[in-house]
Amino acid sequence: MVKISRRDFIKNGLTLGAAGFFLNNSLLVQGQGEKRMIVIASSNGLKATEKAMELLRQGYDPLDAVIAGVNIVEEDPEDTSVGYGGLPNEEGEVELDASVMHGPTHNAGAVAALKGIKTPSKVAKLVMERCDHALLVGEGALKFARAHGFKEENLLTDKAREIWLRWKETLSDRDNWFPPKSEKLPAEVRSFVESYGTINCLALDSHGNLAGVTTTSGLAFKLPGRVGDSPIIGAGLYVDNDVGAAGSTGRGEANILNCGSFQVVSFMAQGFSPEEACLKTLEKIVQKTKFQPHLLQSDGLPRFGLNFYAINKKGEFGSASMWSGAYYAVHDGRENKLREAAYLFKRKK
Ligand code: ASP
């Protein structure tokens, strides 16, 4: 199946035989049974979408493709929200969460609160393939990773440690930590408090098979042992090979309480487009949040951010964010670029 956007159709002045038809703003042209490959990711995932598409083109399984893609971000010391270099928990230790899901076998694996391993997504895949469990946490996850030959490393980079230290020094004026010397630092550090960041990456291969991965260092300065939505199948990631795939970044707690990614896929199964499914899921979450006043601003809108990403079986894709101004990465087989996500609420300037 070759998919050509309406704009390209007009621009190229393409003429169509009886096999072409419009669907959801896209023109579908019947090909030789081959489906268009798509890779999408959160906004920090352009390198991941590039890599995953390269591997899909070489015929790799879509799960191997997306894992290889996110490994680039997991291993990047400059990304303070994922893997090596991620911001630590409140005690200064980096704890990582990740999940993978493989559409063709409807199988999944995940790890949570894993310390010392740069690429938790690879461990999550081994949980799926090499043991009879779906989720391993903490010490057990680390022992499992060691058994499979993973090298333990200190994941706390100087950059992440310094951010954590400033946070700690500005927490209270009633403890024994003096405030940081520089006046400028506290404000800069404040932006990291309650800061989220994760990479989700989803792929559809040329056979129509789907897979996804979500990996993160979670909420910065979290309580030790806190597990977010990323390793929870149905919340941070869900794939139904007959319908579509969805993943999430943002406030994990809100997502866990609403099984967000499962909900997105369910909406797609009801016929909603990926973007509509993401928006409807966010609406539902907002509705349920009214029971938690501490999560609401004075105008009643949510005090947090949440983003969903989705692809359906037909190769349509979309993303929606709680607040305006969000982007997501898309490789549609022709170009790899950030696109603007749909949103529920317009952010006040
Ligand atoms: N969803 C992740 C978590 O709650 C964090 C994030 O996406 O920024 O752990």
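Just so it is clear, the structure is predicted and the values come from calculations on it, not from any experiment.

**Considering the sheet that holds strand β5 (residues 96–102)**
The sheet built from eight strands is open, its strands ordered β7-β6-β5-β9-β8-β4-β14-β15 with mixed pairing. Of all the strands in the sheet, just β7 (135–137) and β15 (336–340) have a single pairing partner and so form its edges. Here the strands of the sheet are splayed against their neighbours by 15 degrees on average, with no regard to which way each runs. By the bridge criterion, four bridges tie strand β4 (residues 38–42) to strand β8 (residues 198–204) in an arrangement that is antiparallel. Residue pairing in the sheet places Ile38 in a bridge with Leu204 of β8. The sheet contacts of helix α2 (residues 46–57) involve β4, β8, β14 (327–331) and β15, and relative to β4 the element is tilted by about 160 degrees. Docked against the sheet, helix α5 (residues 138–147) engages β6 (107–114) and β7, running at close to 105 degrees with respect to β7.

**Some remarks on the packing of aromatic side chains**
A ring pair, where both rings are aromatic, is described by two values, the distance of the centres and the angle of the planes. Taken as a whole and judged by the stated rule, the model has four aromatic pairs. Consider the rings of Tyr238 and Phe262, whose centres lie 5.0 Å apart with planes at 75 degrees: the pair is edge-to-face. With Tyr238 in strand β10 (residues 237–240) and Phe262 in helix α9 (residues 260–269), this residue pair connects regions lying 24 residues apart in the sequence. Take Phe262: its relative accessible area is 40%, and that puts it in the partly exposed class. Measuring from ring centre to ring centre gives 5.5 Å for Trp323 and Phe345, while their planes differ by 50 degrees; the resulting arrangement is tilted. With Trp323 in strand β13 (residues 317–323) and Phe345 in strand β16 (residues 342–345), the pair connects residues that are 22 residues apart, well separated along the chain. By relative accessible area, Trp323 is classed as buried at 9%. The residue whose ring lies beneath Lys118 is Tyr84, and the NZ or CZ to ring-centre distance is 4.3 Å. In this arrangement the basic side chain of Lys280 is found over the ring face of Phe267, its NZ or CZ atom lying 5.3 Å from the centre.

Criteria and thresholds
Residues numbered from 1 in each chain as written. Predicted model: local features only at pLDDT ≥ 70, side-chain atom pairs only at ≥ 80, totals over all residues. Heavy atoms only, no water. Pairing = 2+ DSSP bridges. Helix = DSSP H or I, 4+ residues; strand = E, 2+ residues; numbered from the N terminus. Axes fitted to C-alpha atoms, helices over the stretch in contact; angles between N-to-C directions. Contact = heavy atoms within 4.5 Å. Phe/Tyr/Trp six-rings, centres within 6.5 Å; stacked < 30°, edge-to-face > 60°. Buried < 20%, exposed > 50% of the residue type's maximum accessible area, 1.4 Å probe, protein only. Lys NZ or Arg CZ within 6 Å of the ring centre and 35° of its normal.

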